[in-house]
4 protein chains.
Amino acid sequence: MIETATVKRRGKGRRARQAGPRGGPAPERRAERRKAILAAALQEFSARGFAAARLDDVAVRAGIAKGTIYLYFQDKEALFQDLIRSEMGPVVGTLESALSLDLPTRAVAERAAELFLREILGTSRKDIIRLIISEGPRFPKLAEFYYHEVVARGIAAVRALLARALERGELRSDAISRFPQLLVAPGIVAIIWKSLFESHAPLDVHALMRAHLDLLFGEGNAK
Amino acid sequence: MIETATVKRRGKGRRARQAGPRGGPAPERRAERRKAILAAALQEFSARGFAAARLDDVAVRAGIAKGTIYLYFQDKEALFQDLIRSEMGPVVGTLESALSLDLPTRAVAERAAELFLREILGTSRKDIIRLIISEGPRFPKLAEFYYHEVVARGIAAVRALLARALERGELRSDAISRFPQLLVAPGIVAIIWKSLFESHAPLDVHALMRAHLDLLFGEGNAK
Amino acid sequence: MIETATVKRRGKGRRARQAGPRGGPAPERRAERRKAILAAALQEFSARGFAAARLDDVAVRAGIAKGTIYLYFQDKEALFQDLIRSEMGPVVGTLESALSLDLPTRAVAERAAELFLREILGTSRKDIIRLIISEGPRFPKLAEFYYHEVVARGIAAVRALLARALERGELRSDAISRFPQLLVAPGIVAIIWKSLFESHAPLDVHALMRAHLDLLFGEGNAK
Amino acid sequence: MIETATVKRRGKGRRARQAGPRGGPAPERRAERRKAILAAALQEFSARGFAAARLDDVAVRAGIAKGTIYLYFQDKEALFQDLIRSEMGPVVGTLESALSLDLPTRAVAERAAELFLREILGTSRKDIIRLIISEGPRFPKLAEFYYHEVVARGIAAVRALLARALERGELRSDAISRFPQLLVAPGIVAIIWKSLFESHAPLDVHALMRAHLDLLFGEGNAK
DNA sequence: GATGAATGAGGGTTCATTCAT
DNA sequence: TATGAATGAACCCTCATTCAT
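Remember, it's a predicted structure, so these values are computed and weren't measured experimentally.

Scoring rules and cut-offs
Residues numbered from 1 in each chain as written. Chains lettered and ligands numbered in written order. Predicted model: local features only at pLDDT ≥ 70, side-chain atom pairs only at ≥ 80, totals over all residues. Heavy atoms only, no water. Helix = DSSP H or I, 4+ residues; strand = E, 2+ residues; numbered from the N terminus. Buried < 20%, exposed > 50% of the residue type's maximum accessible area, 1.4 Å probe, protein only. Contact = heavy atoms within 4.5 Å. Areas by Shrake-Rupley, 256 points an atom, 1.4 Å probe, with all protein chains shown as cover. Phe/Tyr/Trp six-rings, centres within 6.5 Å; stacked < 30°, edge-to-face > 60°. Lys NZ or Arg CZ within 6 Å of the ring centre and 35° of its normal. pLDDT = per-residue confidence, 0-100. Domains from an automatic or database assignment. Buried area = accessible area lost by both parts, 1.4 Å probe. Salt bridge = Lys/Arg side-chain N within 4 Å of Asp/Glu carboxyl O. Least-squares fit on C-alpha atoms with pLDDT ≥ 70 in both. Polar contact = N/O pair within 3.5 Å; in protein donor to acceptor, adjacent residues only side chain to side chain.

Caption draft 1: The arrangement of the overall build of chain A in detail. What chain A contains, in helices and strands, is 10 helices and 0 strands. Reading the helices (α) and strands (β) of chain A from amino to carboxyl end gives α-α-α-α-α-α-α-α-α-α. Per-residue burial for chain A yields a buried fraction of 52% across its 223 residues. In chain A, once contacts between residues fewer than 6 apart in sequence are set aside, the share between residues at least 24 apart is 69%. Roughly 10,500 Å² of accessible area belongs to chain A as shown, and the carbon and sulfur atoms make up 53% of that amount.

Here it is as structure tokens:
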């Protein structure tokens with residue numbers, strides 16, 4: 001087949017402008033729009049999934065023209081990935097500091113649970129997590145990012161906390177220390193339940209988390 | 001018929017024939033093909049997700065022509081829903097009977113865990129579960145079906161088991177009795193972990209499940 | 001930037017089917033359609049140029065649906081390139097045999113000129129040549145193909161003819177032998193003239209060619 | 001105003017301002033910018049063709065903002081047409097005076113050839129000619145302009161020269177007198193060759209032109 | 001029934017053109 | 001005057017669905 005060096009122009013080369021020369025004519029107008037697009041994208045992506053979401057709808061929801069999206073994001077995929085990253089980045093730090101408080105372990109765990117309820121389950125970040133679960137296998141680099149930036153850091157923080165707890169004799173077993181996934185599992189399941197079954201069988205996530213902690217630490221209340 | 005919130009392009013007028021006029025030309029040839037299509041569909045859907053999967057690829061994988069799919073399934077959506085239903089139905093019964101065995105509760109739980117590992121995590125059924133998690137919000141009727149046919153029945157069986165266990169004093173608390181989700185959560189997380197992070201951090205699901213049961217029942221082995 | 005191995009599916013991989021399994025259900029129906037598309041494409045491309053031509057218009061002109069084009073050609077570029085190749089290939093052979101006739105050189109040249117007038121200037125092939133001139137720089141591989149398959153072969157044939165002519169003393173000089181471009185130049189110019197200026201100043205190409213041959217061979221008539 | 005057969009999207013209502021209200025804010029700054037834009041446009045148009053060239057790239061190359069182009073030119077098409085006209089105008093005069101020198105005809109022809117090599121083939125004007133060849137059919141008014149302002153004047157000058165040459169017996173035949181295209185043809189072909197085949201088969205245009213003149217005038221050197 | 005060529009609506013992306021600053 | 005962000009019409013290409021064979 002005859003191939004050419006032609007016509008197909010900008011591959012991933014040209015990227016959405018990051019900041020105009022002299023600072024750009026709209027200093028934080030730009031940031032606002034970017035946020036509006038990300039917010040709209042979150043809604044559309046989480047309502048329809050990556051493939052089925054239409055940038056047309058994202059634009060309408062963001063109150064801009066379709067082409068404008070491309071002034072802020074390379075393409076649909078970059079929009080998706082930027083969305084994931086911008087939403088998840090901030091929480092990890094908060095989580096890490098919550099886990100490193102010098103309090104009785106159960107108390108720390110309860111703070112973390114509250115944090116999860118307030119900052120994740122109660123916000124659109126839960127949708128981000130669903131998106132990662134759903135689309136991760138199709139976006140290996142995104143899964144990798146999420147693993148390194150969120151999961152691995154979270155696991156490390158949990159392990160540090162639990163090592164101390166074990167020393168202090170606050171834990172029944174080293175099970176969650178070896179498998180921090182066990183600590184988080186109910187949170188994940190809560191997210192999934194709420195998005196699939198909430199209308200059929202509402203779940204009292206507060207109570208679920210309390211029961212979970214009771215299992216781990218024995219009954220008791222550190223509040 | 002299961003309806004969804006998704007948009008349809010062409011009319012839903014004619015439906016896939018359910019049985020040939022005069023008895024059908026191929027008695028169980030028909031069943032074979034149906035299975036081949038479902039198997040192919042499972043692969044494509046779980047590799048790409050519902051929206052991005054192409055019926056063309058399903059057909060190639062099933063070794064048939066594209067149009068043939070429409071002799072067996074109404075449309076792409078029906079294929080997807082039939083797939084979910086045909087795969088998950090059978091397991092529930094097995095699970096129910098495993099949970100109703102008259103053995104020490106820990107032993108029953110271990111059987112159930114083995115069953116999960118063997119029949120779900122070790123097979124393509126884990127992909128079905130991922131698909132439900134991913135696409136459920138877009139297919140409310142499917143989530144409903146899954147809730148009633150799988151989740152609710154599973155919960156009922158677990159509750160029966162645990163009620164007995166509580167009476168017998170085999171459980172530390174009534175936590176999982178009130179929230180059977182806690183029992184299942186590590187299994188869900190294992191499925192997700194394997195599809196997203198296995199290459200970055202392999203997970204020993206056997207050990208994970210054992211640690212989980214240790215937490216619930218205290219250390220010990222009922223085998 | 002996060003990259004993925006994702007989503008972007010078929011690059012140039014999947015090619016337009018070349019022939020169905022059992023010969024294809026439409027034996028030469030396929031060839032007919034292909035021709036219809038090529039004919040339509042020729043019109044659109046030569047009327048608007050490669051970039052500005054719309055496949056939509058090609059489809060309408062060919063009497064088919066837009067998507068059908070993609071059953072026959074990989075993409076717009078492949079259609080363009082196939083067009084050039086399918087049109088120019090055949091003529092070269094005819095030209096070569098015309099040039100190798102064992103006749104007085106002037107007679108051979110006149111046959112070639114007639115051939116040019118009849119088979120190129122008088123047909124849509126002149127548009128192909130214009131297209132190559134116009135788009136060649138943007139399609140280097142196409143220019144290469146054209147150079148090797150048409151130009152180089154033409155030059156070789158001309159050189160063979162002229163070498164013989166020089167031996168026989170039929171030529172005034174070895175100028176065109178060294179620069180066969182000189183032989184062809186008026187033909188090229190005629191094509192360009194007709195497409196640009198014909199309406200302002202009609203050109204009698206017959207007379208032009210005769211005058212050209214007179215210059216090369218001295219006045220005389222071999223017919 | 002030059003009109004074309006091409007489609008316009010937005011209205012042609014407002015035109016590029018030709019001179020600032022109260023005299024214009026920048027006296028010949030304006031001319032400089034105009035030149036910069038034209039130079040940039042030449043590069044982009046000749047590299048990509050009219051349709052595929054992007055005004056964005058023109059602006060970048062000219063070191064201005066995209067919108068600024070519209071302060072100097074009506075629209076893309078006007079820019080293109082102004083480009084052609086501004087580049088070709090000047091040469092014609094030079095050519096005409098070269099052709100009207102009172103020297104032996106062969107000498108005049110050689111001067112003209114040198115002029116062509118130096119002022120056209122050796123500069124970006126050759127790209128202008130390629131552009132006219134390529135886009136002329138889509139811009140009839142441009143072809144008309146080019147015909148009247150360049151071609152017709154060139155032909156007239158050539159005819160005058162050759163009439164004198166015939167009288168003086170310096171020409172073998174009246175062929176080129178009747179068809180001045182024959183005189184120019186090798187130049188055209190050289191332009192095309194260089195843009196298409198130079199990398200495959202370099203062409204010695206000097207030698208080509210000399211051989212051409214030898215054919216017309218018989219061997220000899222008037223220098 | 002089975003096939004696969006054909007259809008055509010749809011969506012991502014581009015880019016000429018406008019206009020608020 | 002100059003800027004460049006914003007617009008939105010277009011266009012290439014895909015793919016679910018149909019239907020003649």
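Caption draft 2: Geometry of the packing of aromatic side chains. This structure, assessed with the given rule, holds 36 aromatic pairs over all chains. Ring centres of A:Phe50 and A:Phe80 lie 5.1 Å apart, and the angle between their planes is 55°; on these two criteria the pair is classed as tilted. Within this pair, whereas A:Phe50 is found in the loop between α1 (29–48) and α2 (55–62), its partner A:Phe80 is found in helix α4 (residues 76–99), the two being separated by 30 residues in sequence. The exposure class of A:Phe50 is buried, given its relative accessible area of 5%. Taking 5.2 Å as the distance between ring centres and 85° as the angle between the ring planes, the aromatic pair formed by B:Phe45 and B:Phe80 counts as edge-to-face. Within this pair, whereas B:Phe45 is found in helix α1 (residues 29–48), its partner B:Phe80 is found in helix α4 (residues 76–99), the two being separated by 35 residues in sequence. Judged by relative accessible area, which is 0%, B:Phe80 ranks as buried. Connected via pairs of aromatic rings, a cluster forms that spans A:Phe45, A:Phe50, A:Phe80 and A:Phe139. For A:Arg85, the ring lying beneath its charged end belongs to A:Phe145, and the centroid distance is 5.2 Å. The aromatic ring of D:Phe50 is capped on one face by D:Lys76, whose charged end is 4.9 Å from the ring centroid.

Caption draft 3: Broad picture of the confidence of the model for chain A. All names here are of chain A. Averaged over every residue, the pLDDT of chain A is 87; residues scoring 70 or more account for 86%. The secondary-structure element of chain A with the lowest mean pLDDT is helix α8 (residues 175–178), recorded at 89, while α2 shows the highest, at 98. Low pLDDT, under 50, characterises residues 19–24; the predicted model gives this stretch 0 contacts beyond four residues in sequence or across chains.

Caption draft 4: Structural view of the domain arrangement of chain A. Residues and elements named next belong to chain A. Domain parsing of chain A yields domain 1 (1–73) and domain 2 (76–223). Ranking the residues of domain 1 by area buried against domain 2 places Leu42, Phe45 and Phe50 at the top, with a combined share of 47%. On the surface where domain 1 and domain 2 come into contact, there are 1 salt bridge. Between Asp82 and Arg34 there is a salt bridge, with its nearest N and O atoms 3.6 Å apart.

Caption draft 5: Local environment of the pattern of salt bridges. Scanning all chains against the criterion turns up 70 salt bridges over all chains. One salt bridge connects B:Asp174 with B:Arg178, and the closest N-O pair in it is separated by 3.3 Å. D:Arg138 is paired through a salt bridge with D:Glu135; the nearest N and O atoms lie 2.9 Å apart. Each member of the pair, D:Arg138 together with D:Glu135, is buried. A network of salt bridges, in which partner residues are shared, links A:Glu44, A:Arg48, A:Arg54, A:Asp57 and A:Arg61.

Caption draft 6: Layout of the relation of the copies chain B and chain A. Rotating chain B by 179° and moving it 0.0 Å along the rotation axis overlays it on chain A with an RMSD of 0.2 Å. The transformation just described matches what one would write down for a two-fold rotation axis. Judged by C-alpha distance, B:Ser134 is the residue of chain B that lies nearest the rotation axis, at 2.2 Å. In this assembly, 100% of the residues forming the interface of chain B have copies in chain A that are likewise at the interface, indicating an isologous arrangement.

Caption draft 7: A look at the interface of chain B and chain A. On the side of chain A, 48 residues touch chain B, which itself brings 48 residues to the contact. Joining chain B to chain A, the criterion identifies 0 salt bridges. There are 3 residue pairs in polar contact (both at pLDDT 80 or more) connecting chain B and chain A. Secondary structure elements with two or more residues in the side of chain B that touches chain A: α1, α6 (125–135), α7 (140–168), α8 (175–178), α9 (181–196) and α10 (205–217) of chain B. Among the elements that take part in the side of chain B that touches chain A, α9(B) stands out by supplying 10 residues, more than any other.

Caption draft 8: The environment of C:Glu135, seen in detail. All names here are of chain C. In this fold, Glu135 is placed in helix α6 (residues 125–135). Remark: the alpha-carbon pair of Glu135 and Leu213, spanning 78 residues in sequence, is separated by 30 Å. Not counting the four nearest positions on each side in its chain, Glu135 is found in contact with Gly49, Phe50 and Phe80.

Caption draft 9: Geometry of the environment of C:Leu101. All names here are of chain C. As for its position among the elements, Leu101 is in the loop between α4 (76–99) and α5 (105–121). Taking the C-alpha atoms as reference, Leu101 lies 8.9 Å from Leu161; in sequence the two are 60 residues apart. Contact partners of Leu101, with chain neighbours within four places excluded, come to Val108, Arg111 and Arg164.

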